Amino acid sequence: MKKENLSFTEYFLIVGFSDVPHLQIPLFVAFLMVYLLTLVGNLLILATVYSNSNLHTPMYYFLTHLSFLDIWYVSVIFPQLLAHFFLEGMHLSLMNCLLQLFFVLSMATVEFLLLTVMAYDRYVAICNPLHYPAIMNRAVCMWLTAGSWGVGLINTIPHIVLLSKLSFCDSHTINHFFCDMTALLKISCSNTFSNEILIYINGVVIAMVSFILIIMSYSKITVSILKIKSKSGKDKAFSTCASHITVVVLFYASLCSTYMRPTSTYSIKDNKIMSLSYVAVTPLCNPIIYSFKNAEFKNALRKTKRTA
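Described below are features of the structure shown in this document. Everything numeric here is computed off the predicted structure, so don't read it as measured data.

Reading guide: rules and limits
- Residues numbered from 1 in each chain as written.
- Predicted model: local features only at pLDDT ≥ 70, side-chain atom pairs only at ≥ 80, totals over all residues.
- Heavy atoms only, no water.
- Helix = DSSP H or I, 4+ residues; strand = E, 2+ residues; numbered from the N terminus.
- Buried < 20%, exposed > 50% of the residue type's maximum accessible area, 1.4 Å probe, protein only.
- Contact = heavy atoms within 4.5 Å.
- Areas by Shrake-Rupley, 256 points an atom, 1.4 Å probe, with all protein chains shown as cover.
- Core = buried A, V, L, I, M, F, W, Y, C linked by side-chain atoms within 4.5 Å.
- Disulfide = S-S within 2.5 Å.
- Expected span 1.5 Å × (residues − 1).
- Polar contact = N/O pair within 3.5 Å; in protein donor to acceptor, adjacent residues only side chain to side chain.
- Pairing = 2+ DSSP bridges.
- Patch = residues over 30% accessible without salt bridge, like charges linked within 9 Å, V, L, I, M, F, W, Y side chains within 5 Å.
- Salt bridge = Lys/Arg side-chain N within 4 Å of Asp/Glu carboxyl O.
- Phe/Tyr/Trp six-rings, centres within 6.5 Å; stacked < 30°, edge-to-face > 60°.

A few words now on the overall build of the protein. On a plain count of helices and strands, the protein comes out with 10 helices and 5 strands. For the protein, buried positions account for 49% of its 308 residues. Of the contacts made within the protein by residues no fewer than 6 positions apart, 80% connect residues no fewer than 24 positions apart. Just so you have it, the protein exposes about 15,000 Å², and 70% of that area is on carbon and sulfur atoms.

Written out as structure tokens, the structure is:
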């Protein structure tokens, strides 16, 4: 087949969920509800933390960044996804496709790092409570979040550069609901070995190292919790940690199973389902898991409603 380098003004066709025409209306309603609930839930976290001084702690500071991240995450994908249900086909230029992918990959990397930072915060709070205010001071929190955002944005640039150099053959059709990297690699007729190696390197350096640090933090946290004599103290500590671990497992499992495997083994149907778990389910569940099951947050939320 003839190789073709796309200019930044040429277009890809995004298939979305057009292969299930009988489910178009139910899917539109479902995705619209997920999008709205995600926005409302995360905006509510931002507003509640901002308006309650007792929540101005490192834990909630990191949580606000996670909420802001999730708002960006879904807003990069969902408006296009929803519009797709009313169009015959969604066309995106190569420039817009790479721009969307840049934000998706950046946000995913930032979330890996923020989850690691949040695990470290819980480790210091539970294992070294007397020195917690000194260790997790305002400057440290700002540097940790700034570093997470900076690394996430910079780390994505090599992926975008390599993707922009790919050649495509007869098909410019992306069988996905957004410009997913695996779908782009699937339709390219270039040698994608460099792209795949970069994915694995990032997987080891970012995902695996972050995961190992989280495991180390929670191993020490578990030991410290078991030493607590008060049952209520144990329950409170385990409750706080369980929320974070739930999100970590959900996010890591979906992302790593999608990207950490050879292009030849990609299944478009499976990739769509797995992608939904980290671009839709995780941002929707984060507010519920982290905050709405947290007694301190619920008290602050009630206080905010009374003063509104």
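Membership of the largest hydrophobic core comes to 63 residues, with the highest contact counts inside it found for F31, F78 and F251. Mapped onto this core, the elements with two or more residues apiece are α1 (24-51), α2 (58-84), α3 (94-127), α5 (138-164), α7 (193-226), α8 (231-259), α9 (268-292) and α10 (295-307). Per element, the largest residue contribution to this core is 14 residues, and it comes from α2. Once you skip the residues sitting within four places of it in the chain, F78 turns out to touch F31, V34, Y35, V279 and A280. In terms of nonpolar packing, the next biggest core, distinct from the first, is built from 22 residues, L92, F168, L185 and I199 among them.

Here we take up the state of the cysteines. Evaluation of the coordinates by the stated rule reveals 1 disulfide. Here C97 engages in a disulfide with C179; their sulfurs sit 2.0 Å apart. Residues C97 and C179 are joined by a disulfide whose S-S torsion is about -125°; by sign, that bridge is left-handed. Of this pair, C97 sits in helix α3 while C179 sits in the loop between β5 (173-174) and α6 (181-187), and the two are 82 residues apart along the sequence.

Here α5 is 27 residues long and its end C-alpha atoms lie 40 Å apart, about the 39 Å a rise of 1.5 Å per residue gives. Where the residues of α5 are buried, they touch α2, α3, α6 and α7. Where α5 begins, one side-chain oxygen reaches toward the backbone nitrogen of A139, 3.1 Å away; that side chain belongs to N137.

Taking strand neighbours across the sheet as the criterion, the 3 strands line up as β3-β2-β5 in an open arrangement whose pairing is mixed. A strand with exactly one partner marks an edge of an open sheet, and here the two such strands are β3 (90-93) and β5. In this structure, strand β2 (residues 11-14) lies alongside β3, joined through 4 bridges in antiparallel fashion. Following the sheet pairing, L13 is matched in β3 by H91.

On the surface, a cluster of nonpolar side chains totalling about 540 Å² of accessible area is made up of F193, I197, I201, V204, V205 and M208. Among the structural elements, F193 can be located in helix α7. Taking relative accessible area as the criterion, F193 reaches 55% and is therefore assigned exposed.

The next point concerns the pairing of β2. Burial along β2 is one-sided: the residues F12 and I14 are buried and none of Y11 and L13 is. As paired strands, β2 and β5 are joined by 2 bridges and run parallel to one another. Counted as the bridge partner of I14 is I174 from β5.

Scanning the model with the defined rule gives 13 aromatic pairs in all. For the ring pair F28 and F85, a centre distance of 6.0 Å and an interplane angle of 75° mean the geometry is edge-to-face. Residue F28 is located in helix α1, and its partner F85 is located in the loop between α2 and β3; the two are separated by 57 residues in the primary sequence. Here F28 falls in the partly exposed class, since its relative accessible area comes to 21%. Taken together, the aromatic side chains of F17, F28, F31, Y35, F78, F85, F86, F177 and F178 make up a single cluster linked through ring pairs.

All right, on to the side chain of N155 then. The topology assignment puts N155 in helix α5. Leave out the neighbours within four places in its chain, and N155 touches T109, N202 and I206.

Note on placement: S277 falls in helix α9. Residues contacting S277, with those up to four places away along its chain left out, are S254 and T282.

Structural measurements only, silent on function.
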